[in-house]
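# Observations on chain architecture
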Amino acid sequence: MSQRNHFLAIGQLRNSDRFVVFHEAQILVRADEFIWRRSQIDSRLLEDADLIVLEDEAGSSIIAVNTRQDLAEIQNAQSQPLRSLLSLDDNSGFAVAGRASQLLDWYNSHRYCGVCGEPTVHHPSERAVVCETCQKHYFPRINPCVIVLVARGRQLLLARSSRFKSGFFSCLAGFMEIGETPEETVIREVKEEVDIDVENIRYIKSQSWPFPSQLMLGFIADYKQGEIDPAPEEIAEAHWYDIDKLPNVPSASISVAGELIEYFVNKVTKL
Ligand SMILES: [Zn+2]
């Protein structure tokens, strides 16, 4: 990032800049495009908007915009939930939109100091806000979660959540608690959600999950002992599935859960 501020005034925008525009926590999309050129942006959309630099290249920055003007119709665009972009073929495009959403949401919810209650100001060069009264600095935060595929031979433990009506069977997941290592979270979450003990926990890969601001750390763990006993407030049902008879699972192109399942199936079938 150059010396340019992260937080901009309209006068600092350049004709070469590109924009990702949010309105009331939804992304504005036109003809399947969510990156807007400067020439496509009605200037009224930028009045009183939050403007945050996402990426700053020599000739062209990407700017996240939180507009307060209800001009979606004038712009000939639809506002859509961020999740609707998950199926984009281009994952890097979704990453840009996800980062924009998280940063706008974070700035918007840190307008006041949590210690003394005074308004915060934007740090001149860091991605941060500062309270000038008590000098407290606030940096953007993400919330780490583990997601774990529990394996027993050729079988996978897959569960259907009681909170989301997606109909998918997926891996178990949960937020890390303060003071835990991710491996400890894996052991605790699997025990809490299905009353199973696991061992041989290995990290596979991660994914930024901007709903609203999680970092998903993906693991595979081996079954150690116990019988599946789902915690009803979290898990509607959970079963062992042979890799040849999997239920409806998330796509590997969308979520790390799908990738963990695909990774394991590929590994076992190549043995
Ligand atoms: Zn303060």
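Residues numbered from 1 in each chain as written. Predicted model: local features only at pLDDT ≥ 70, side-chain atom pairs only at ≥ 80, totals over all residues. Heavy atoms only, no water.

### Things to note about the overall build of the chain
What counts, and what does not: Runs of H or I in DSSP of at least four residues are treated as helices and runs of E of at least two as strands, each being numbered from the N terminus. Accessible area is worked out with a 1.4 Å probe on protein chains only. A residue is then buried under 20% of its type maximum, exposed over 50%, and partly exposed in between. Any two residues whose heavy atoms approach within 4.5 Å at even a single point are treated as in contact. Residue-level accessible areas treat just the shown protein chains as cover; the underlying method is Shrake-Rupley with a 1.4 Å probe. Under the convention used here, Asp and Glu are negative, Lys and Arg are positive, and both His and the chain ends fall outside the count. Working definition for charges: the position is that of NZ of Lys, CZ of Arg, CG of Asp or CD of Glu.
Along the backbone of the chain there are 4 helices and 15 strands. For the chain, the C-alpha atoms occupy an extent of roughly 60 × 45 × 35 Å along the three principal directions. Considering the chain as a whole, with its 271 residues, one finds that 45% of them fall into the buried category. Here the contacts in the chain between residues at least 6 apart in sequence split such that 62% fall between residues at least 24 apart. As displayed, the chain has an accessible area near 14300 Å², and 49% of this comes from carbon and sulfur atoms. Across the chain, the mean location of the 27 positive side-chain charges is 3 Å away from that of the 39 negative side-chain charges.

### Some points on the coordination of the zinc ion
Ideal geometry at a metal centre: 109.5 degrees between donors when four sit tetrahedrally, and 90 or 180 degrees when six sit octahedrally. Rules: Donors, by definition, are the N, O and S atoms found within 2.8 Å of a metal, the threshold being 3.2 Å for Na, K and Ca, and water is not counted, so a site can look incomplete. Between 85 and 135 degrees for all angles marks four donors as tetrahedral; over 155 degrees for opposite donors together with 65 to 115 for all other angles marks four donors as square planar and six as octahedral; every other arrangement is irregular.
Bound to the zinc ion on the protein side are Cys113 (SG), Cys116 (SG), Cys131 (SG) and Cys134 (SG), at distances that span 2.3 to 2.4 Å. Coordination at the zinc ion is tetrahedral: its 4 donor atoms span angles of 99 to 124 degrees at the metal. Mapping the donors of the zinc ion onto the primary sequence gives the spacing C-x2-C-x14-C-x2-C. What makes cysteine 113 buried here is its relative accessible area of 4%. On the basis of relative accessible area, cysteine 116 is assigned to the partly exposed category, the value being 33%.

### Examining the sheet that holds strand β8 (residues 129-130)
Selection rule: One requirement defines pairing of two strands: DSSP has to find at least two bridges between them.
One open sheet holds the 3 strands; their spatial order is β7-β8-β9, and the pairing between them is antiparallel. Bordering the open sheet on either side are β7 (121-122) and β9 (137-138), each of which pairs with just one other strand.

### Quick word on the pattern of salt bridges
Our working definition: Here, a salt bridge means any Lys or Arg side-chain nitrogen found within 4 Å of an Asp or Glu carboxyl oxygen.
Scanning the entire structure with this criterion turns up 17 salt bridges. Across the pair glutamate 192 and arginine 188 runs a salt bridge whose closest N-O atoms are separated by 3.3 Å. Taken as a pair, glutamate 192 and arginine 188 lie in helix α3 (residues 182-194) at a separation of 4 residues, close to a single helical turn. For glutamate 192, a relative accessible area of 40% corresponds to the partly exposed category. A relative accessible area of 17% means that arginine 188 is categorised as buried. For lysine 191, the salt bridge goes to aspartate 195, with nearest N and O atoms at 3.2 Å. Note on lysine 191: relative accessible area 35%, which makes it partly exposed. On the basis of relative accessibility, which here comes to 32%, the residue aspartate 195 falls in the partly exposed class. Each member of the salt-bridge network shares a partner with another, and the members are Glu177, Glu180, Arg188, Glu189 and Glu192.

### A word on the pairing of strand β11 (residues 155-161)
The side chains of a regular strand alternate, first on one face of the sheet and then on the other. Where strand β10 (residues 143-152) lies against β11, 3 bridges are found, and the strand directions are antiparallel. The residue bridging arginine 152 from the neighbouring strand is glutamine 155, located in β11. Here β10 hands over to β11 after 2 residues, with glycine 153 in that stretch at a positive phi of 60 degrees. Sheet topology places β11 next to strand β15 (residues 235-242); 7 bridges connect them, and they run antiparallel. In the sheet register, leucine 156 faces β15, and the bridge partner there is tyrosine 241.

### Considerations on the domain arrangement of the chain
Quoted interface sizes are often the accessible area lost when the parts come together. Keep this limit in mind: An automatic or database domain assignment supplies the residue ranges for each domain. Summed over both partners, the accessible area lost on bringing two parts together, with a 1.4 Å probe, is the buried area. In protein, a polar contact means a hydrogen-donor-capable atom and an acceptor-capable atom, both N or O and within 3.5 Å, with residues adjacent in sequence counting only if both atoms are side-chain atoms; elsewhere, any N or O pair within 3.5 Å suffices.
Each assigned domain of the chain is listed with its residue range as follows: domain 1 (10-109) and domain 2 (143-269). The partner domain 2 presents 8 residues to the 9 residues of domain 1 that form the contact. A buried area of about 730 Å², summed over both sides, lies between domain 1 and domain 2, and 64% of it is on carbon and sulfur atoms. It is Arg83, Leu86 and Gln102 in domain 1 that bury the most area against domain 2; as a group they hold 64% of the surface buried on that side. Scanning the region where domain 1 abuts domain 2 turns up 0 residue pairs in polar contact (both at pLDDT 80 or more).

### Looking at helix α4 (residues 256-269)
Every α-helical turn comprises 3.6 residues, leaving residues that sit three or four positions apart pointing alike. Selection rule: By definition here, a helix of n residues has an expected span of 1.5 Å times n minus one.
Relative to the 20 Å expected for 14 residues at 1.5 Å per residue, α4 spans 20 Å between its end C-alpha atoms, a close match to the ideal helical length. Burial in α4 covers these residues: Val256, Ala257, Gly258, Leu260, Ile261, Phe264, Val265 and Val268. Buried residues belonging to α4 abut β10, β11, β13 (197-209) and β14 (214-225).

### A look at unusual backbone geometry
Across the junction of phenylalanine 211 and proline 212, the peptide omega takes the value 5 degrees, indicating a cis bond. For proline 212, the position within the fold is in the loop between β13 and β14. Backbone geometry at glutamine 135 places phi at a positive 65 degrees, although glycine is not the residue there. Relative to the helices and strands, glutamine 135 resides in the loop between β8 and β9. Positive phi, close to 50 degrees, is recorded for asparagine 200, a residue that is not glycine. The residue asparagine 200 is located in strand β13 in this model.

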